[in-house]
Amino acid sequence: MKRLFAVLLVLVVAAAIVSAAGAPEAAPKADEPITLRYWTHEDANRQAFEDELIAEFQKTHPNVTIEHTVVPTKKRAELIQTAFAANNGPDIFTMPIEDAYQYILDGRVTPVDYAVFGAKDAKDLAGQYLGTTMSPATVEGDIYGVPLEITNYGLYVNKRVFRDAGLDADKDYPKTWEDLLTLSEKICKYDGQILTVRAVDFNYDHCFVQFQSLIEQMGGKILSDDGKEAIVGEEAWLRFFRMMHEFGPAGKNYASPSYTYARKLFNAANGDIAMAFIGLYQVPRILKDNPEFYNSGDWMIVPFPKMAEAKESDPRSCYLSQYYYVNAQSSPAAQKAAWEFLAFCQSKPEEYLGRGGSVIQPRKSVLESAVLDTLPYSNVVLDGLAESKASYCEGGAKEIEALFLAALTDVMDVGVSPEEAYKTLKEGAQAVIDEL
Amino acid sequence: MRQKKYRGIERKLALWGWGFNIPSLVFFAVFSFAPIFYAIYTSLYDKRVLSLKAPNFVGLKNYIDIFTNKGIGFLDSLKSSAIFSFGAFFPLVIFSLLFSVLVYNNYKASTQRKFEILWYTPAVISSVVATTIWMLIFDPRGLGNQVVNFILNTPGVDHRWTSNPSMLRFVTIMVYFWKYIGYYIVLFITGLGTIPGTLYEAARIDGASRMQCFRRITLPLLKPTISLVSVLCLIHCLKTFSTQYMFYQSGAPLKPINVISLSIYTTGITNQRIGRACAMSIILFAAMIILSIAQLKLINADDIDY
């Protein structure tokens, strides 16, 4: 009797499991309570603005609760990755495309719900945005994210430091990379060997955005057109590394990845640094940190320099593409609510450009925005964006970028020869490509 | 009626012992042993962090790759770890022993506690604060250059603390020393407290000097603590991560400080190759076990009787 009962029990339980697994997922109810976890990187201005957007969205969607979590920018990639590795990723998150590309390839994020954005398909949605700004997030015909911000760098110039060096920033600002090197020699000041006035700070966190266009203007490439060869064009790469060697402490000591990051130093305007490559988001930060400097007229943004030999048609610079993504493991109802929230956010590009931290959400309407008139030099940055292309973000981008940074610090700081740095980078990057 | 089985008192005590130890054994099994076995298992697969597909079994390929593929840089990491461990281990053990003897012999217990707290403070300072402090010190215009140039009378020399490979290695060892010496001092002071004071009294009556007391009494009787500290210190040095990570994040060149743990981090987290990272961590684990056993044999701490 006991055995019969046990067999029956096992059969009942098994039947329940099978029927539950095979049952179609219930359609989400309109008023079903949904909690969305939204993780993004720190930006005080944007955070405050997005908190307002969340409150506004929740009013019109009373069943949706959005938990807004801000994580340190440098920790973001590992925090989100760890959460996904445990199959507990946030429903919505933001990330540069080169970090997120593997999420797309591994099916961790879902294609955009085009209908929510009033679009028929991917092409129709891409048409709502400037130029090719949606192409980095497009894989096999589908778009996997909507832009949080597209960032191209302008060259921020402190006119006071130029004056101290006997230069007129308005006339003498660098138009080419060669100018930048020549000017650096005139601007830098030393106490013995110690650099006291720094010429320029590059953005080493996003090496491709900073240097890819320069290498391509010299004829080099990160990846061959057929996608099989990494670090193409030996001569261009060697010229690039020779130039960077001159910039670094192992060369003439104008700049170094190990020197204090200039974003905050530039705002302090205490004569430490003359130029820095930063996005448009820096403008409100100057106002916040140093209103006297902001209003002094002693700073400006000039276009990203090109190589003297660059053709007119060569992209001036590369831009960093940060998108919002939706977790493919979230429930269908949560995914739907997430895209609705993101469509709501994407309807406010002018506000993102203004009080949202001066981030450029490349909706076509942004070019006509009145906010642009209130943001000094926004025309320089947006004109630069029109002449730019997306930085390399495809397979292995993150690994190759890390190898690139290592080669750069070897050349600039350690004094490794350009030939040796090129060889190491080429071998490492090729191994990454071969293993894809 | 069943006759009650007689159990000896030792057996009863042993059962109680098992009872008390089982929770910690379960804890260790779940949180220490299981991850080790899982890491060994994962190291045999080409597992990528984000992939939802079942990983391919690759056998020992991950182990072969890390030793033969120069692009992975694991052999460079072994070298960096060896240099760091050699550079940090001896100063840490020797100075923590000397400082603790100095404090133990010259100050009363309440003052010893204050010293312990003082030495231990850096270990509890947040990494962010420590990074900020040290990067300010090692800035070309920072305190590091100023102090060294004042002492050496070399005005205007940039010692390139964070850009020159040798200096960078020295700096990581220095920061590590600053951060963790307090921990070992606390251990040594505790060990010193276990040596009976009567031995010193008897030695002094017999006319022994302080140095003789140190050499003939303190050092031999402190062998178990020296053994513990040196094994812990070696393991900690081999596992070092946060100090190198802090400098790497601040723009320092990676190669001179790319110790094994940092290499595991970049392989597993940045490059998402968790199978390969597991293979690296198994190698590190094996190295730690072998070196620790060798060290215990060398010190022979069991050979103490008083």
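Residues numbered from 1 in each chain as written. Chains lettered and ligands numbered in written order. Predicted model: local features only at pLDDT ≥ 70, side-chain atom pairs only at ≥ 80, totals over all residues.

## Points about the domain arrangement of chain A
Residue and element names in this part refer to chain A.
Okay, step 1: Considered domain by domain, chain A is made up of domain 1 (34-150 + 321-373) and domain 2 (154-317 + 393-435).
Okay, step 2: Each of domain 1 and domain 2 has a C-alpha centre, and these two points are 29 Å apart.
Okay, step 3: Its residues assigned to classes, the side of domain 1 that touches domain 2 comprises 5 nonpolar, 4 polar and 2 charged. (Domains from an automatic or database assignment. Nonpolar A, V, L, I, M, F, W, Y, C, P; charged D, E, K, R; others polar.)

## Some thoughts on unusual backbone geometry
Okay, step 1: The backbone of A:Asn253 sits at a positive phi, close to 60 degrees, despite the residue not being glycine.
Okay, step 2: Mapped onto the fold, A:Asn253 is located in the loop between helix 10 (234-247) and helix 11 (262-268).
Okay, step 3: In this structure, B:Gln272 takes a positive phi of about 65 degrees despite not being glycine.
Okay, step 4: The topology assignment puts B:Gln272 in the loop between helix 12 (260-270) and helix 13 (274-299). (Helix = DSSP H or I, 4+ residues; strand = E, 2+ residues; numbered from the N terminus.)

## What to know about the pairing of strand 14 (residues 318-326) of chain A
Residue and element names in this part refer to chain A.
Okay, step 1: Here strand 14 lies mainly inside the structure; 9 of its 9 residues are buried.
Okay, step 2: In strand 14, alternate side chains face the same way, and those of Cys318, Leu320, Gln322, Tyr324 and Val326 on one face and Tyr319, Ser321, Tyr323 and Tyr325 on the other are all buried.
Okay, step 3: Summarising the sheet, strand 3 (residues 92-96) and strand 14 pair through 5 bridges and their orientation is antiparallel. Considered in strand 14, the bridge of Pro96 is made with Gln322.
Okay, step 4: In this structure, strand 6 (residues 146-152) lies alongside strand 14, joined through 6 bridges in antiparallel fashion. Note that in strand 14 the partner of Thr151 across the bridge is Leu320.
Okay, step 5: Across 2 bridges, strand 14 lies against strand 15 (residues 389-390) in parallel orientation. (Buried ≥ 20, exposed ≤ 12 C-beta atoms within 10 Å, placed from the backbone. Pairing = 2+ DSSP bridges.)

## Quick notes on helix 14 (residues 332-346) of chain A
Okay, step 1: For helix 14 of chain A, which comprises 15 residues, the first-to-last C-alpha distance of 21 Å matches the rise-based estimate of 21 Å (1.5 Å per residue) to within 8%.
Okay, step 2: Tucked into the core, helix 14 of chain A has its buried residues touching strand 1 (34-41), helix 2 (44-60), strand 2 (64-71), strand 3, strand 6 and strand 14 of chain A. (Expected span 1.5 Å × (residues − 1). Contact = placed C-beta atoms within 7 Å.)

## Here's the deal with the confidence of the model for chain B
Okay, step 1: Across chain B, pLDDT averages 89, with 96% of residues at or above 70.
Okay, step 2: Per the prediction output, this complex has pTM 0.84; the corresponding ipTM is 0.80. (pLDDT = per-residue confidence, 0-100.)

## Structural notes on the interface of chain B and chain A
Okay, step 1: Each side of the interface is counted separately: chain B has 31 residues, and chain A has 33 residues.
Okay, step 2: In terms of residues, the side of chain B that touches chain A owes the most to one element, helix 12 of chain B, which gives 3 residues.
Okay, step 3: The class makeup of the residues in the side of chain B that touches chain A is 11 nonpolar, 14 polar and 6 charged.

## Observations regarding the sheet that holds strand 13 (residues 299-302) of chain A
Adjacent strands of a sheet pair through backbone hydrogen bonds, lying either parallel or antiparallel.
All names here are of chain A.
Okay, step 1: Strand order in this open sheet of 5 strands is 8-9-12-7-13, and the pairing throughout is mixed. At either margin of the open sheet sits one strand with a lone partner, and together these are strand 8 (189-191) and strand 13. This sheet shows a mean twist of 25 degrees between the axes of neighbouring strands, independent of strand direction.
Okay, step 2: Sheet topology note: the strand 7 (residues 154-158)/strand 13 ladder contains 4 bridges and is antiparallel. Counted as the bridge partner of Asn158 is Trp299 from strand 13. (Axes fitted to C-alpha atoms, helices over the stretch in contact; angles between N-to-C directions.)

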